[in-house]
Structures are given as C-alpha cells and as structure tokens.
Amino acid sequence: MSDATRDRILARLQGAPRRETPRPEMPPPLAPDADRGARIARLKALMEAMRAEVHEVAAAQWLPRLQELLRKRSLQTLVYAPETSIGAALRAAWEEDSSGLPALVPYDRPVEAFKETLFEADAAITTAAGALADVGALVLRPDAQEPRLMSLVPPVHIALLAADQIYPSLGDAMRAGRWSEDMPTNLLLVSGPSKTADIELTLAFGVHGPKELIVLLLE
Amino acid sequence: MAPETFEQSAERALADAQLRKNFAFAMGSFILKRQAVFSDVEETERLRTLGNAIKQRALSRLPELLQQLEAACTRNGIRVHWAETTAIANRIVLEIVESHAASRVVKGKSMVSEEMHLNAFLGSHGIDAIETDLGEFIIQLNGEKPSHIIVPAIHKNKAQIAAIFHEKVPGAPYTEEVAELNAIARRTLRRRFYEAGIGLSGVNFAVAETGTLCLVENEGNGRMCTTVPAVHIAVMGLEKVVEKLEDLPPLLRLLTGSATGQLVTTYVNLITSPRREGEKDGPREVHLVILDNGRSRIYQDPQLRQTLLCVRCGTCLNHCPVYTRIGGHAYGFVYPGPIGKVLTPQVEGLEKAGELAFASSLCGACEEVCPVKIPLPALLRRLRDESYSAAPDGAAVPGRGCRQNLAERLAWKGWEILNTHPRLNRLVTALLGKVGDCLPLGGPLERWTRYRSEPVFADRSLQRRVREEGIPDE
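Quick caveat, the model's predicted, so the values are computed rather than measured.

### Focus: helix α2 (residues 36–49) of chain A
All names here are of chain A.
In step 1: Counted at 1.5 Å a residue, the expected span for α2 with its 14 residues is 20 Å, and the 20 Å between its end C-alpha atoms agrees.
In step 2: Looking at α2, one finds that the buried residues are R39, I40, L43 and M47. Here the buried residues of α2 occupy an arc of 95° about the axis, which is enough to place them on one side.
In step 3: The distance from a side-chain oxygen at the start of α2 to the backbone nitrogen of G37 is 3.0 Å, and the residue carrying that oxygen is D35.

### Considerations on the side chain of T77(A)
All names here are of chain A.
In step 1: Here T77 is to be found in strand β2 (residues 77–80).
In step 2: In terms of polar contacts, T77 uses its side chain to reach the backbone amide nitrogen of D122, at 3.1 Å.
In step 3: Excluding residues within four positions of it along the chain, T77 makes contact with P102, A103, V105, E120, A121, D122 and A123.

### Regarding the interface of chain B and chain A
In step 1: Counting from both sides, the interface comprises 96 residues of chain B and, opposite them, 80 residues of chain A.
In step 2: Both sides together, the interface formed by chain B and chain A hides about 7,700 Å², and carbon and sulfur atoms give 58% of it.
In step 3: On the chain B side of the contact with chain A, R186(B), Y194(B) and K280(B) bury the most area, a combined 11% of that side's loss.
In step 4: Across the chain B-chain A interface, the total number found is 14 salt bridges.
In step 5: Ionic pairing is found between E70(B) and R6(A), a salt bridge with its closest N-O pair at 2.7 Å.
In step 6: Counting residues per element, the side of chain B that touches chain A draws most heavily on helix α10 (residues 178–195) of chain B, at 9 residues.
In step 7: Grouping the constituent residues of the side of chain B that touches chain A by class yields 42 nonpolar, 26 polar and 28 charged.
In step 8: Of the strand pairs in this sheet, strand β9 (residues 186–190) of chain A and strand β9 (residues 267–271) of chain B are connected by 5 bridges, and their pairing is antiparallel. Bridging from a neighbouring strand, N186(A) pairs with I271(B) of β9(B).

### Describing the packing of aromatic side chains
In step 1: Enumeration according to the criterion identifies 8 aromatic pairs over all chains in this entry.
In step 2: Between the aromatic rings of F358(B) and Y388(B), the centroid separation amounts to 6.1 Å while the plane-to-plane angle is 85°, which identifies the pairing as edge-to-face. Of the two residues, F358(B) sits in the loop between α17 (350–353) and α18 (365–369) while Y388(B) sits in helix α19 (residues 376–388), which places them 30 residues apart along the sequence.
In step 3: Take Y388(B): its relative accessible area is 31%, and that puts it in the partly exposed class.
In step 4: Site record: aromatic cluster; members linked through ring pairs are F6(B), F23(B), Y323(B) and Y331(B).
In step 5: Looking at K115(A), its charged tip hangs above the ring of Y194(B), at a distance of 5.2 Å from the centre.
In step 6: Between R305(B) and the ring centre of Y299(B), over which it is positioned, the NZ or CZ distance is 4.2 Å.

### Remarks on the sheet that holds strand β1 (residues 78–83) of chain B
All names here are of chain B.
In step 1: Taken in spatial order, the 6 strands make up an open sheet running β1-β10-β7-β4-β2-β3, and their pairing is parallel. On the outer flanks of this sheet lie β1 and β3 (128–131), each paired with one strand and no other. Adjacent strand axes in the sheet meet at a mean angle of 25° when their direction is disregarded.
In step 2: Two strands pair when backbone bridges link them, and strand β7 (residues 231–237) and strand β10 (residues 285–291) are joined in this way by 7 bridges, in the parallel orientation. Residue V231 lies in a different strand from β10, and its bridge partner there is E285.
In step 3: Sitting on the sheet, helix α5 (residues 86–99) touches β1, β2 (104–107), β4 (198–201), β7 and β10, and the angle it makes with β1 is about 145°.

Definitions and cut-offs
Residues numbered from 1 in each chain as written. Chains lettered and ligands numbered in written order. Predicted model: local features only at pLDDT ≥ 70, side-chain atom pairs only at ≥ 80, totals over all residues. Heavy atoms only, no water. Helix = DSSP H or I, 4+ residues; strand = E, 2+ residues; numbered from the N terminus. Expected span 1.5 Å × (residues − 1). Buried < 20%, exposed > 50% of the residue type's maximum accessible area, 1.4 Å probe, protein only. Arc of directions from axis to C-beta. Polar contact = N/O pair within 3.5 Å; in protein donor to acceptor, adjacent residues only side chain to side chain. Contact = heavy atoms within 4.5 Å. Buried area = accessible area lost by both parts, 1.4 Å probe. Salt bridge = Lys/Arg side-chain N within 4 Å of Asp/Glu carboxyl O. Nonpolar A, V, L, I, M, F, W, Y, C, P; charged D, E, K, R; others polar. Pairing = 2+ DSSP bridges. Phe/Tyr/Trp six-rings, centres within 6.5 Å; stacked < 30°, edge-to-face > 60°. Lys NZ or Arg CZ within 6 Å of the ring centre and 35° of its normal. Axes fitted to C-alpha atoms, helices over the stretch in contact; angles between N-to-C directions.

See below:
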C-alpha cells in the first residue's frame, strides 16, 4: 500500500507545472569575529544570559575547578563516560581525594540496564564538540562512549569545551567539521538549561531537561 | 445543532475580556521580542530573502528532494512511510504502536499530529497519547485544543492554569507560582518519559542531503520523546524537506527569531539515525511519516504553492490584528491566524472553511514579518476570488465558486451598467444625492453598518461639480 501511495503523491508533485529555481548563495558568517577573545566573550555573555554557568579555566586546572564547583553543590552522583580520557582522569582524581564529591557512576551499559540509575542521578559530565559564538550554543556529538541521555536526564549537566573549538557560527562549524559527509546518530546544539515560557510567557528554567548547565571552558 | 460560524465564534471571543487581555499581553510581548533580535532592518531583509530563496528552491525540486530524503533516511536506518490522508497517517502510527504492544505514547509538540487529530484517534484504540510540552500538557489536561501554534496554552493565565493543575493532577496543590507549576509538570511527566515505549514528534526541517531530521525546542521534552523510548515516530508535512544541511543555519535563525525572539532555542536536535551498533541509548527504531493531506494539490498552483513555504513560526499570528483580538480557538480549525486562513480553506475546501479567507482587513502585517516572505494578503484575495469564481471546477481549490449567488451577481451587473452609461449614472447619482441618506439600512447593508458608520451621499456628484466648476474634460 505504501509504495502505491508514495508513487501517487510523487506523480502528482511531478505533474505540477514548475521551474527549478537556482540554489541561493549562502552569506558569509553573521558574526565574523576573527578575534578568538571576542568569540569567547560573546559565547560566554550569550550563554550566561540564558542562565548557563561558564567558567574559564586553564586546561591543566579543570579537575580542581570541577571539584571545587561540585563541592559547592551537595550532589550524590555524577554520571561519566568511563572509556574516555576524561573518564580516566576523573577516576584518578577521585581516587586521590573524593571527600565532599559525588560518587562517580559510569555509563557503561545499554540504557535498558542503566535507566533507573540515570533517572536518579544528580549530574553528568560530557565533552562538547564545539560551540557557536554568534548565537551562544554548545555543539554536542554524543557517541558510543558518551551516550545521548547524559546531557539530558540528570538535573545538572557539566560540559567541557576547548576554547579552540568555538566557531563564529553554525555554518562555520558545519563547514569546518564537514558535517554533511558524516552526520552522527544525534547532533545537538544546546544554549542553556532547559526552559519554558508557556505560562504567561514567564521564563522558567529546568522543565524537562537539566536545570543547570555548567560549561568549563578550557584554555 | 449547526456548528458555530466563524462570525459567531469571533463575536463570542471578542466579548471575553479575560481572553482578550491574555492575548493582548502575550502577542505584544512576542512582537517586542522579535523586534529585539531582528533590530537590523537591512540584515533582516537579507535573511528573509535568503529564507524565501531556500524554501522556493526546495519547493521547485520537491519530488526529487522527497525521494532523496527517503533514500538517505533508509540508508541511515530510518523507516519512511507515506500517507495521502490524515486517516492513513493515523493508521500507520497505530500499526507501529500496536506492533510493539504499547499502550502509551509520549508526544513532543507537533502541529501535524494536531492536523491528524492523532490523540483522539489513538484514544479510540485504547492508546494513551500524552502531550509533554508544558503548554500542550496544560490544554490536554483541560480537554482543549491549542490556541496558538507555538504557545498552545497562551489563552490561559496562571490563575486558570493553577486551577487546572489543582483539579486534574493528582496531589497537586493550588499554586500560581510559575516555577512550582513547572515543577509539577516535570514530576508528572518524568515518570511518563521513563516508562514510555514509544515517542512521537514533529519535524521542523528534514534535510534531503543527509537524511537528517531537525527539531527545535526549549523544554527538553522533545529530546526526551525522541531519545528515551525504544521507538521514535516523527510525523511531517511533505513541505518540510530542505535540500542541504547548509540551508539550516539561516532557516533556524529565521524560525526561532520569528517564533520566540530567540537567537537559538535551548535545543536544536539533529537526528540522523536510530541507535547504532555499540551505542548505549537512543531509539532502536526511528520512523518518519510523510503526510500529504492536500499539500500535493496545493502544489499544483504556482501562486497557491507559496502556502507551502511556511515554517510554522507563528509570527503572522502574533502580528495579526484579527488573531490578537479573538485568539486561536475562534477560527475553529487547527491552524489559526493568517497562515491558517490561507491553508485551511485549501485543505478543507471553500464551502467548509472559505469564510476564513474573508476574516482579514488585508492590512499586510503578516506579509511584512513572514520569515519566508509568503504573500499572505495576495493569497487571501486569491481565495476570495476563487470563492466567487465562475470558472469551471477542477482547479486547485476545492469548492471553487461556492459563494456565487444571484443577488451579488445582479448587484455587480447593476454597478457595471450604472458606470458604463453616463446618462443613467447622472440620473442615479442625482437621485441618491437627494434621497440616498434616507434609504433603509436593513437587509444586507446592515452587515456593513453594524460596525461601521454608514456612507453619506454628497448633494452633488463629483462629476456634476467638475462640470459646474468648468474643469475641462480631457
């Protein structure tokens, strides 16, 4: 049935009078900040306006900074990706000193066997594949090691972003990363914690996704 | 009982002071928010021109792009289904749900699913369709339809919503605190996401090049519906396909800027395949249902085809002097406001919904703000013409000529005679100058004068004054 339906719909469309219009030329980036510092500043300002926390930190110092941020919050669990280099670094740091820190919970099996743990977790930490300065958003590319739900289900999402990965715009990120040649299962832009304005247009944060988004911006 | 006409429901909405207040406030805020992100007029104009060109290009290659999309999705492991009507689309969704023996579906916001009346259909087959967008959740609790395509519960204020939650959500206290109302929805729906076997969503853009479905949202419920359950079903109108991934950046900016005045939504979700080997989460099956429902007929007419450029941002609603005063429910159909007035009569037919094309002052505000430059007033006039057209049927719009009637035909014939016969014209204008103001205003004229001042006839016609003042006839 579906094939006949499909063919009928397509035949109707093909039978319509039409003339192919040319592909429009894509404009140059909207915020062509060549200056790295300006890109960082814009990303930070826009994401903070959307209630994300952005912490600039030297690449070698991210673990102590993370631990400091975690100690300020009384969290029980932190979901992490055990097979990544970040995962190994976290384990090593926690072995050294885990006082006042949430327990590390590896996302190490299919969600079917991990769902309950995940839905009860307080936080999760992932990498960001990049960021967009013009609109203020992270680019996330979840994969086998870093599953999709880490950045969605726990109330606190912590993302590690390398400052070198901040692109002027989405178009730039697409071109630089050759996205069209190899799209992952799921690719996301995330500009802050989840929010809604469905009641009287009053902005409220933390509806279904994370209530807090913490970005560690690694220099 | 005959269903209420548009005129009757508009009257009723206009008399509802609370409703008018809710809409006036919300639409006013939306207008300001949009202005703030589109403050550079020239840049905005360039962006709108680009948006129009991208969508025009996609429409000009629509059948090819749909085939390319199908091939790319299939390659990626997304199963593609085609539906000519909403009944068939509903049937396809039901079959997928039943094949998984599921009794519950969690839904992200989707106007196409509203167009399908999917919730009622699934309900009649014993399947619970749960709306998870906060606005949709509110109106579903109260058994209502969306009144706006972006903010479906905008006709309710927080006191009304507080009462609905208190009454309909077990254990919910009465509170007008927006943060607490959100927390109630979060608690209630988390459980649903956790348990659901099937998630359903709409699609904002489908990229033919890569077979990618693009969804935008702020709450995270859309991501929940498309990521947690083992099966994800996406439904889309066939006009949602775009050619390339690089078409997305300008379209996304136009969509979110126009819809909510945001530079970007909290989440832009690009879905290209179900869970791959070795991945730990994501749906194991992704289905894409491509719905026609009259769109391929609209496509036949080069002018009316522009209806299909629409990205469903809702900004034409926010700027419409009619919509902002009567709200969405008065239109009586799924899509309200200017785009609804253009789309609905073409899908439902002019007999059933043609009245909507007349519910406009043709002020042009909608066209001025449309992110893809749909000439909405011209399309409204075209539909009005179609309603009165004497041309043979079989054309693009069903119900063509349904408004033809003898009285109007005679009136216009009389007008024509009066204006092509100078002596008769002189006689009648002289007569009207004397007695015109005493004519009874009953009958068909009353419909005009009920809300407008009645015309005053001049003592002397323009023609007579010209003659008397000796202005030469050239």
